[in-house]
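Commentary on secondary and tertiary structure
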Amino acid sequence: MLYQRSSALFKDAQEYIPGGVNSPVRAFKSVGGTPIFIKKAEGAYIYDEDGRAYVDYINSWGPMIIGHTDPRVLNATVEQMKNGFSFGTPTELETEIAKLITSVVPNIDMVRMVNSGTEACMSAIRLARGYTNRDKIVKFEGCYHGHSDSFLIKAGSGAATFGNPNSPGVTQGTAKDTLLAEYNNLEDVKALFEQNKDEIAAIIVEPIAGNMGCIVPEKGFLEGLRQICDANGALLIFDEVMTGFRQAMGGSQERLNINADIVTFGKVIGGGFPVGAFAARREIMNHLAPLGPVYQAGTLSGNPIAMRAGITTLNIINNDRELFNRIDNATETLDNEISKIFTEKGIPNHINRLGSMMSVFFTEQTEIKNFTDVKKCNHERFNKFFHHLLTNEVYIAPSGYETWFISDAIKDTEINKTLDAVRSFEG
């Protein structure tokens, strides 16, 4: 049995942890089977409790852009730990990372550190509401911004309607202030603004969506959102929890040359530790307590160990000007070769890619541009593909609605191993 110890550990975990996991997607509900339990990671590989090594395309859902347990990050954090684990007081490290972030990310002057991407997005919309003195926000179906109540909303009978809660515990009162639109559909957004004049505080969007698979913004979509916000006195929030410091040093704002009003970060910013942040121009950030009336706080925000890991990781990226080219090229090779293999096998497929993010969709469709398109794909075939790769020691996200994250540790050896596994897939 390949996953003997993982199976035993999962059975034990289910007695003490809801569903046996501390984040739902880990439970393999989408793809079936038993989740594997990971014991350690190094470079391009994760190692399970049964001793098997896997080429890792999850990379902790994005942050391990330079690979796992990079010695430079490891050594820096170990040295920091010798000074203490947590203080609950200001440290110089917090200012150091804020200076670094504001120096490389366009259109921001100030940063507030938090502990997760969920916390960053939740705080960003509170700040937007406080700044504009408006209540409603626009989000897009299929975009995930964490598990804050305002974001756990699904579309109603039409995209341009009030949302309905898709989790018990989220009230209708909260849901009514979240408006749903279809990704890559500017007409939906325009209709929402016409129906809710002077009530919308902000649009929040993944500039490159990663939570319905990798969905690339169509030409003019983000530019259109920027124009709509400017014309209506609303703020544009880029959720760059996945894309920040991955698509470019300045994130999607730099790569796509679109300025947002508020930007949220996570993943890479902490070098693998639980860290998030939100940032904006000074005039907006000055509305935060203790300067302004919008309250936000976190006892462990700016944890010194996480700050040191983040500073070290960001400096490594910033000082390696070829890093983004390398990982983009590796991702392009995977895209082209996997598509070629499946086409030769007669397996309908479409691959979306931008930078070091990509998704393989099993479909006859010639484009995948929103959540509706993703839902039409052959997810049963994806599930078989997932388990085939897992058996062949290649680990991708256990859902057809997720993204591959390529790290700089993925080299020709790992790419060839992956392509060999793809070649042996019969569909």
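Small disclaimer: the values here were computed from a predicted structure and weren't measured.

Here we look at the layout of surface pockets
In this structure, the second largest pocket spans a volume of roughly 690 Å³. In terms of lining, the second largest pocket is formed by 31 residues, of which the most central are Glu94, Val111, Arg112, Met113 and Ser301. At the level of secondary structure, the elements contributing two or more residues to the lining of the second largest pocket comprise helix 3 (92–104), strand 4 (110–114) and helix 9 (282–285). For the lining of the second largest pocket, the leading source of residues is helix 3, giving 5 residues.

Examining the UniProt feature "modified residue: N6-(pyridoxal phosphate)lysine" (unreviewed entry) in the protein
As annotated by UniProt and renumbered to match this structure, "modified residue: N6-(pyridoxal phosphate)lysine" (unreviewed entry) occupies Lys267. Within the element layout of this structure, Lys267 appears in the loop between strand 11 (262–265) and strand 12 (276–280). Not counting residues within four places of it along the chain, the set of residues in contact with Lys267 comprises Trp61, Gly62, Pro63, Val241, Met242, Gly272 and Val275.

What to know about the packing of helix 6 (residues 186–195) against helix 7 (residues 221–232)
Following both chains from N to C, one finds helix 6 and helix 7 inclined at 10 degrees, their axes separated by 10 Å at the closest point. Relative to helix 7, the element helix 6 lies roughly parallel. Contact residues: Leu186, Val189, Lys190 and Phe193 in helix 6; Phe221, Gly224, Leu225, Ile228 and Asn232 in helix 7. Here the contact of helix 6 with helix 7 is built from residues that sort into 6 nonpolar, 2 polar and 1 charged.

A few points about the sheet that holds strand 13 (residues 350–354)
Read across the open sheet, the 3 strands follow the order 13-14-16; overall the sheet is antiparallel. The open sheet has two free edges, formed respectively by strand 13 and strand 16 (404–405), since each of these has just one partner strand.

Things to note about the packing of aromatic side chains
A full pass over the atoms with the stated rule returns 15 aromatic pairs. Look at Phe362 and Phe385: their rings are 5.4 Å apart centre to centre, the planes differ by 75 degrees, and that puts the pair in the edge-to-face class. Placement of the pair is Phe362 in the loop between strand 14 (357–361) and helix 12 (371–375) and Phe385 in helix 13 (residues 379–391), with a sequence separation of 23 residues. Pair check on accessibility: Phe362 and Phe385 agree, each one buried. A ring pair is formed by Phe371 and Tyr401, whose centres lie 5.7 Å apart and whose planes are at 50 degrees; its orientation type is tilted. Of this pair, Phe371 sits in helix 12 while Tyr401 sits in the loop between strand 15 (394–395) and strand 16; the two residues are 30 residues apart in sequence, bridging distant segments of the chain.

Details of the nonpolar core
Formed by 102 residues in total, the largest nonpolar core has its most connected members in Ile101, Phe140, Phe245, Ile338 and Trp404. Looking at this core element by element, the count peaks at 8 residues for helix 11 (residues 323–345). In this view, Ile338 contacts Ile351, Met358, Val360, Trp404, Leu419 and Val422; residues no more than four positions away in its chain are not counted. Val114, Phe151, Ile262 and Leu288 belong to the second largest nonpolar core, which has 21 residues in total.

The rules behind the values
- Here, residues in each chain are numbered from 1, in the same order as that chain's written sequence.
- Where local features are concerned, this predicted model is filtered to residues with pLDDT of at least 70; where side-chain atom pairs are given and counted, the filter is 80 or more; whole-chain, interface and lining totals use all residues.
- For the side-chain quantities, the full set of heavy atoms in the structure was used; hydrogens and water were omitted.
- Only protein atoms enter the 1 Å grid used here, on which a cavity is any set of points holding a 1.4 Å probe that cannot leave and a pocket is any open set flanked by protein within 12 Å on both sides along at least five of seven lines; residues with an atom within 4 Å of a point are listed as lining.
- Grid points are joined across faces, edges and corners, and a volume is the space filled by probe spheres set on the points.
- Counting from the N terminus, the helices are DSSP H or I runs at least four residues long and the strands are E runs at least two residues long.
- UniProt positions are given in the numbering used here, feature names are shortened, and annotations may be inferred rather than shown by experiment.
- A contact between two residues is defined here by any heavy atoms of the two lying within 4.5 Å.
- Axis definition: a line fitted to C-alpha atoms, over the contacting stretch in the case of helices. Angles run 0 to 180 degrees between N-to-C directions.
- These descriptions rest on fixed angle ranges, namely under 35 degrees for roughly parallel, over 145 for roughly antiparallel, 65 to 115 for roughly perpendicular, and the rest for oblique.
- Ten residues, namely Ala, Val, Leu, Ile, Met, Phe, Trp, Tyr, Cys and Pro, are considered nonpolar, four, namely Asp, Glu, Lys and Arg, are considered charged, and the remaining ones, Gly among them, are considered polar.
- At least two bridges found by DSSP between two strands are what make those strands a pair.
- Working definition: a ring pair exists when centres of Phe, Tyr or Trp rings (six-membered ring for Trp) sit within 6.5 Å. Plane angles under 30 degrees give stacked, over 60 give edge-to-face, the rest tilted.
- Exposure classes here rest on a 1.4 Å probe applied to the protein chains alone. A residue is buried below 20% of its type maximum, exposed above 50%, and partly exposed in between.
- Put simply, a nonpolar core is a bunch of buried Ala, Val, Leu, Ile, Met, Phe, Trp, Tyr and Cys residues held in one set by side-chain atoms that sit within 4.5 Å of each other.

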